[in-house]
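# Coordinate analysis (summary)
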There are 2 protein chains.
Amino acid sequence: MERIPILRVGELLLVTIQVDMHDRLVMRLQDDLTESIVANRSKGVLIDISALDIVDSFIGRMINNTAAMARVLDAQTVVVGMQPAVAITLVELGLSLQGVQTALNVEKGMALLAKRTSRK
Amino acid sequence: MERIPILRVGELLLVTIQVDMHDRLVMRLQDDLTESIVANRSKGVLIDISALDIVDSFIGRMINNTAAMARVLDAQTVVVGMQPAVAITLVELGLSLQGVQTALNVEKGMALLAKRTSRK
């Protein structure tokens, strides 16, 4: 199970982070995601982190970098399902996810992406 | 990360299996899922197993039981993203997932659930 699945939901891509991330897994996810964005001409990526109880600077940077990659491919990233403790840790680590949109849950994230991509 | 997130996507619930399942995790998933079905009045559950390279009879029974629980709560279950090797193994194990619908990917699963729930 050395791969994080990327699910196509309508025009969006949905990634659920459930497992401990390590370098190789992150690189594979970023490879798969950028390929999926191009193949499906996706305009939006939802990253669900509701399963994460704790984060460290590695995960924070991973999310930042993945969003930056999506952005240069003209797709917007919304991080959803962040737990309160994770928000506290991210800010305390100095990673305030600038340039990354967040939403409470998948539904709200989809609505946000639909609004933002239709406005463009 | 001892919890499998259940994502609400429109009227459906989406569960992505990415980690090795064990008894406690399965029980927690079934608890969470049945509660979510009731709380959201969901008519459909999508279980994505595209991250699973291998299955054993434990996972096969888990899927069967979870679908049966959803059914008695008036929700239909569709298993999506099954890899070819997994299909072979399931049949060889004698677990042909009777009573469980399958679809190639999340999109097709959603379409199937939309058709089936509107017909009722």
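Rules used throughout
- Residues numbered from 1 in each chain as written.
- Chains lettered and ligands numbered in written order.
- Predicted model: local features only at pLDDT ≥ 70, side-chain atom pairs only at ≥ 80, totals over all residues.
- Heavy atoms only, no water.
- Helix = DSSP H or I, 4+ residues; strand = E, 2+ residues; numbered from the N terminus.
- Rg over C-alpha atoms; globule rule 2.2 N^0.38 Å.
- Buried < 20%, exposed > 50% of the residue type's maximum accessible area, 1.4 Å probe, protein only.
- Contact = heavy atoms within 4.5 Å.
- Areas by Shrake-Rupley, 256 points an atom, 1.4 Å probe, with all protein chains shown as cover.
- Pairing = 2+ DSSP bridges.
- Axes fitted to C-alpha atoms, helices over the stretch in contact; angles between N-to-C directions.
- Least-squares fit on C-alpha atoms with pLDDT ≥ 70 in both.
- Patch = residues over 30% accessible without salt bridge, like charges linked within 9 Å, V, L, I, M, F, W, Y side chains within 5 Å.
- Salt bridge = Lys/Arg side-chain N within 4 Å of Asp/Glu carboxyl O.
- Polar contact = N/O pair within 3.5 Å; in protein donor to acceptor, adjacent residues only side chain to side chain.
- Nonpolar A, V, L, I, M, F, W, Y, C, P; charged D, E, K, R; others polar.

Per an unreviewed UniProt entry, chain A is named STAS domain-containing protein, and its organism is Keguizhuia sedimenti.

Attention now moves to the overall build of chain A. The secondary structure content of chain A amounts to 4 helices and 5 strands. Listing every helix and strand of chain A by position from the N terminus yields β-β-α-β-α-β-α-β-α. Whereas a compact globule of 120 residues would reach a radius of gyration of roughly 14 Å, chain A reaches 13 Å, a difference of no more than 12%. With respect to the three principal axes, the spread of C-alpha positions in chain A is 35 × 30 × 20 Å. In chain A, buried positions account for 46% of the 120 residues. The long-range fraction of contacts in chain A, counting pairs at least 24 apart against all pairs at least 6 apart in sequence, stands at 72%. Accessible surface, chain A as shown: approximately 6,200 Å² in total, 52% of it carbon and sulfur.

Once that is clear, we can look at the sheet that holds strand E5 (residues 101–103) of chain B. Residues and elements named next belong to chain B. As summarised here, the arrangement of the 5 strands in space is E1-E2-E3-E4-E5, forming an open sheet in which the pairing is mixed. Of all the strands in the sheet, the pair left with one neighbour each is strand E1 (6–9) and E5. Across this sheet, the average inter-strand angle for adjacent strands is 30 degrees, counted without regard to direction. Of the pairings in the sheet, the one linking strand E3 (residues 44–48) to strand E4 (residues 76–80) comprises 5 bridges and is parallel in character.

We now examine the relation of the copies chain A and chain B. Put simply, the two copies of the chain differ by a rotation about an axis and a shift along that axis. In screw terms, the move from chain A to chain B is a rotation of 180 degrees and a rise of 0.0 Å along the axis, fitting with an RMSD of 0.0 Å. One copy is carried onto the other by what is essentially a two-fold rotation axis. Mapped onto chain B, 100% of the interface residues of chain A are again interface residues, and the two copies thus contact each other with one and the same surface.

Attention shifts here to the pairing of strand E1 (residues 6–9) of chain A. Here E1(A) shows a buried face lined by A:Leu7 and A:Val9 and an unburied face lined by A:Ile6 and A:Arg8. Taken together, E1(A) and the strand that follows it, strand E2 (residues 12–16) of chain A, pair antiparallel across an intervening segment of 2 residues, in which A:Gly10 is found at a positive phi of about 60 degrees.

We now examine the sheet that holds E1(A). Residues and elements named next belong to chain A. Strand order in this open sheet of 5 strands is E1-E2-E3-E4-E5, and the pairing throughout is mixed. Single-partner strands in this sheet number two, and they are E1 and strand E5 (101–103). Pairs of neighbouring strands in the sheet enclose a mean axial angle of 30 degrees, with direction left out of account. Contacts from helix H1 (residues 23–40) reach E1, E2 and strand E3 (44–48) within the one sheet, and its direction differs from that of E2 by about 165 degrees.

Residues and elements named next belong to chain A. Even without glycine at this site, arginine 41 takes up a positive phi of about 50 degrees. Looking at where arginine 41 falls in the secondary structure, it is placed in the loop between H1 and E3. The phi dihedral of aspartate 74 is positive, around 70 degrees, even though this residue is not glycine. Among the secondary structure elements, aspartate 74 is positioned in the loop between helix H2 (57–72) and strand E4 (76–80).

The grouping of A:Val38, A:Val72 and A:Leu73 at the surface amounts to a nonpolar patch, some 280 Å² of accessible area in total. Looking at the element boundaries, A:Val72 is found in helix H2.

Residues and elements named next belong to chain B. Within the secondary structure, serine 42 sits in the loop between helix H1 (23–40) and E3. The buried category is assigned to serine 42, whose relative accessible area is 3%. Through-space distance from the C-alpha of serine 42 to that of aspartate 74 is 8.4 Å; in sequence the pair is 32 residues apart. Not counting residues within four places of it along the chain, the set of residues in contact with serine 42 comprises Glu11, Leu13, Ser36, Ile37, Asp74 and Ala75.

The next point concerns the interface of chain A and chain B. The interface is formed by 21 residues belonging to chain A together with 21 residues belonging to chain B. Our count for the chain A to chain B interface comes out at 2 salt bridges. Linking A:Arg8 and B:Glu107 is a salt bridge whose minimum nitrogen-to-oxygen distance equals 2.4 Å. Remark: the boundary between chain A and chain B carries 4 residue pairs in polar contact (both at pLDDT 80 or more). Every element with two or more residues in the side of chain A that touches chain B is listed here: E1, E2 and helix H4 (106–119) of chain A. Of the residues belonging to the side of chain A that touches chain B, the class tally is 11 nonpolar, 4 polar and 6 charged.

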